[in-house]
Amino acid sequence: GTFTVSAGSADVDYLIVAGGGTGARGYSGGGGAGGMLTGTGVTVDSASSPYTITIGAGGILTGSGSNAEGVDGSNSVALGVTATGGGGGGKYSTPGRAGGSGGGGGGNGGEAGGSASAGQGNDGGAGTWTTSGGGGGGKGAVGEAADVDGTGYGGDGGAGATGYGISASTPLYAGGGGGGGADSAAESQAGSGGSGGGGKASNGSDVTVAQAGTPNTGGGGGATASTTYIATPDGGSGIVLIRYAVA
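Parameters at a glance
- Residue positions are given per chain, counting from 1 as you read along its sequence in written order.
- Totals for whole chains, interfaces and linings use all residues, but because this is a predicted model, local features are given only for residues with pLDDT of at least 70 and pairs of side-chain atoms are given and counted only at 80 or more.
- Note: side-chain values were computed over all heavy atoms of the structure, leaving out hydrogens and water.
- A helix here means a DSSP run of H or I that spans at least four residues, while a strand means a run of E at least two residues long, and both kinds are numbered starting from the N terminus.
- For the radius of gyration, the atoms used are the C-alpha atoms, and the globule rule reads 2.2 Å times the number of residues raised to 0.38.
- Only protein chains enter the area calculation, which uses a 1.4 Å probe; residues under 20% of their type maximum are buried, those over 50% are exposed, and those in between are partly exposed.
- Here, two residues are considered to be in contact whenever any of their heavy atoms come within 4.5 Å of each other.
- All accessibility values rest on the Shrake-Rupley procedure with a 1.4 Å probe; residue burial counts only the protein chains present in the view.
- Charged-residue counts in this description rest on Lys and Arg as positive and Asp and Glu as negative, His and the chain ends being excluded.
- Charge placement uses NZ in Lys and CZ in Arg. For Asp and Glu, CG and CD serve respectively.
- Aromatic pairing here means that ring centres of Phe, Tyr or Trp (its six-membered ring) are within 6.5 Å. Orientation follows from the plane angle: under 30 degrees is stacked, over 60 is edge-to-face, and everything else is tilted.
- The pairing criterion for strands is at least two bridges between them, as found by DSSP.
- Here the axes come from fitting lines to C-alpha atoms, over the contacting stretch only for helices, and the angles between their N-to-C directions go from 0 to 180 degrees.
- Joining through side-chain atoms within 4.5 Å is the link that ties buried Ala, Val, Leu, Ile, Met, Phe, Trp, Tyr and Cys residues into a set, and such a set is a nonpolar core.

## Things to note about the overall build of the protein chain
Looking only at helices and strands, one finds zero helices and nine strands in the protein chain. Taking 247 residues into account, the globule formula puts the C-alpha radius of gyration at 18 Å, and the protein chain, at 18 Å, falls close to it. Over its C-alpha atoms, taken along the principal directions, the protein chain stretches across nearly 65 × 30 × 25 Å. Expressed as a percentage of the 247 residues in the protein chain, the buried residues total 55%. Across the protein chain, contacts joining residues at least 24 apart in sequence account for 51% of those joining residues at least 6 apart. Summing over all exposed atoms, the protein chain offers an accessible surface of approximately 8,800 Å²; the carbon and sulfur share of this is 51%. Taken as two groups, the 6 positive and 15 negative side-chain charges of the protein chain have centres that lie 4 Å from each other.

## Points about the packing of aromatic side chains
Overall, the coordinates contain three aromatic pairs when judged by the stated rule. On the numbers, 6.5 Å between centres and 45 degrees between planes, the contact of Phe 3 with Tyr 51 is tilted. Pair noted here: Phe 3 is in strand S1 (residues 2-3) and Tyr 51 is in strand S4 (residues 51-52), with a separation of 48 residues, a long-range link. Tyr 51 matches Phe 3 in its accessibility class, with the two residues each being buried.

## Description of unusual backbone geometry
The linkage connecting Ser 49 with the following residue, Pro 50, adopts the cis geometry, with an omega of 0 degrees. Counting through the fold element by element, Pro 50 comes out in the loop between strand S3 (36-45) and S4. Of note, the phi angle at Asp 147 is positive, near 70 degrees, even though the residue is not glycine. Locating Asp 147 in the fold gives a position in the loop between strand S6 (81-83) and strand S7 (161-162). Positive phi values are uncommon outside glycine, yet Ala 174 reaches one of about 60 degrees. We classify Ala 174 as buried; its relative accessible area is 0%.

## Some remarks on the sheet that holds S3
If you walk across this open sheet you meet the three strands as S3-S2-S9, and the pairing is antiparallel. Across the chains shown, the open sheet's two edge strands, defined by having one partner strand only, are S3 and strand S9 (239-243). Strand-to-strand twist across the sheet, computed as the mean angle between neighbouring axes with direction ignored, equals 20 degrees. Examined bridge by bridge, strand S2 (residues 9-17) and S3 share eight bridges and lie antiparallel to one another. Following the sheet pairing, Val 17 is matched in S3 by Met 36.

## Some words on the nonpolar core
One finds Phe 3, Ile 16, Val 44, Tyr 51, Ala 78 and Leu 79 to be the most contacted residues of the largest nonpolar core, which totals 15 residues. Sorting the residues of this core by element identifies S2, S3 and S6 as the ones contributing at least two each. When residues of this core are assigned to their parent elements, the largest contribution, three residues, is made by S2. Beyond its immediate sequence surroundings of up to four residues, Phe 3 is in contact with Val 12, Val 44, Ser 49, Pro 50, Tyr 51, Ile 53, Leu 79, Ile 242 and Tyr 244. In this structure, Leu 15, Ala 33, Tyr 173 and Ala 174 belong to the second largest nonpolar core, which totals eight residues.

## Focus: the pairing of S2
Bridge count between S2 and S9: five bridges; the pairing is antiparallel. Counterpart to Val 17 in the pairing with S9 is Ile 239.

## Notes on the environment of Pro 171
The residue Pro 171 is located in the loop between S7 and strand S8 (172-173) in this model. Using a relative accessible area of 31% as the deciding quantity, one classes Pro 171 as partly exposed. Through-space distance from the C-alpha of Pro 171 to that of Ala 161 is 8.1 Å; in sequence the pair is ten residues apart. For Pro 171, the residues in contact, after removing those within four places along its chain, are Ala 161, Thr 162 and Gly 163.

## Considering the environment of Ala 225
For Ala 225, the position within the fold is in the loop between S8 and S9. According to the relative accessible area criterion, Ala 225 is buried, its value standing at 0%. Considered as a pair, Ala 225 and Thr 131 are 94 residues apart in the sequence and their alpha carbons are 8.7 Å apart. Every residue in contact with Ala 225, bar those within four places of it in the chain, is listed here: Gly 26, Tyr 27, Ser 28, Gly 180, Gly 181, Ser 202, Asn 203 and Gly 204.

See the structure below:
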């Protein structure tokens, strides 16, 4: 899309959120939220118009493999500013991927969560030897490490953050996806999604199916804990908001 200034110049405020990463499949970490950036008092003018706007898609994990690494979300770009897509979750014995916010680390090895892009989000939580995965990072908080809530519990996704007044209702954006519970875990042991669109994970016996990141929030997708093939949900698409005064 584009943003057009018809005449003269003006100062605008912006909110840019990239697409969230997917969780991984197989004793795995949750997807990291898309990077989130805000700015105020940015000058735009007709000479530079139109401005290209790119809204990042959430990651999509395809295929039928029983043990697959999460897929990163895509970048969002507006007014010359780029928010980085969220990192995919780590599969079994694999660290989370780096991104706007990092994906959660995979289970069976205490794998580290992925690193966040500076100023855009937070790191993913670590997995554990119990096969539980870490939660994906969110804009407002790091992803929770696996087993913090008890043995076999997947880490919760990191909390998102508000649009800092850029949108009238200031909803939350960029929450991390939950980490998968251990293979014998009850449904309650699947990691919850972070506020701001993060998806809940499944547990190892797949009592429930993992949830996607919420569209237009950049939320990370929840991890699919089982190594039995079950479709892993997508990361949430991003969003771009531009606010300006109307005469």
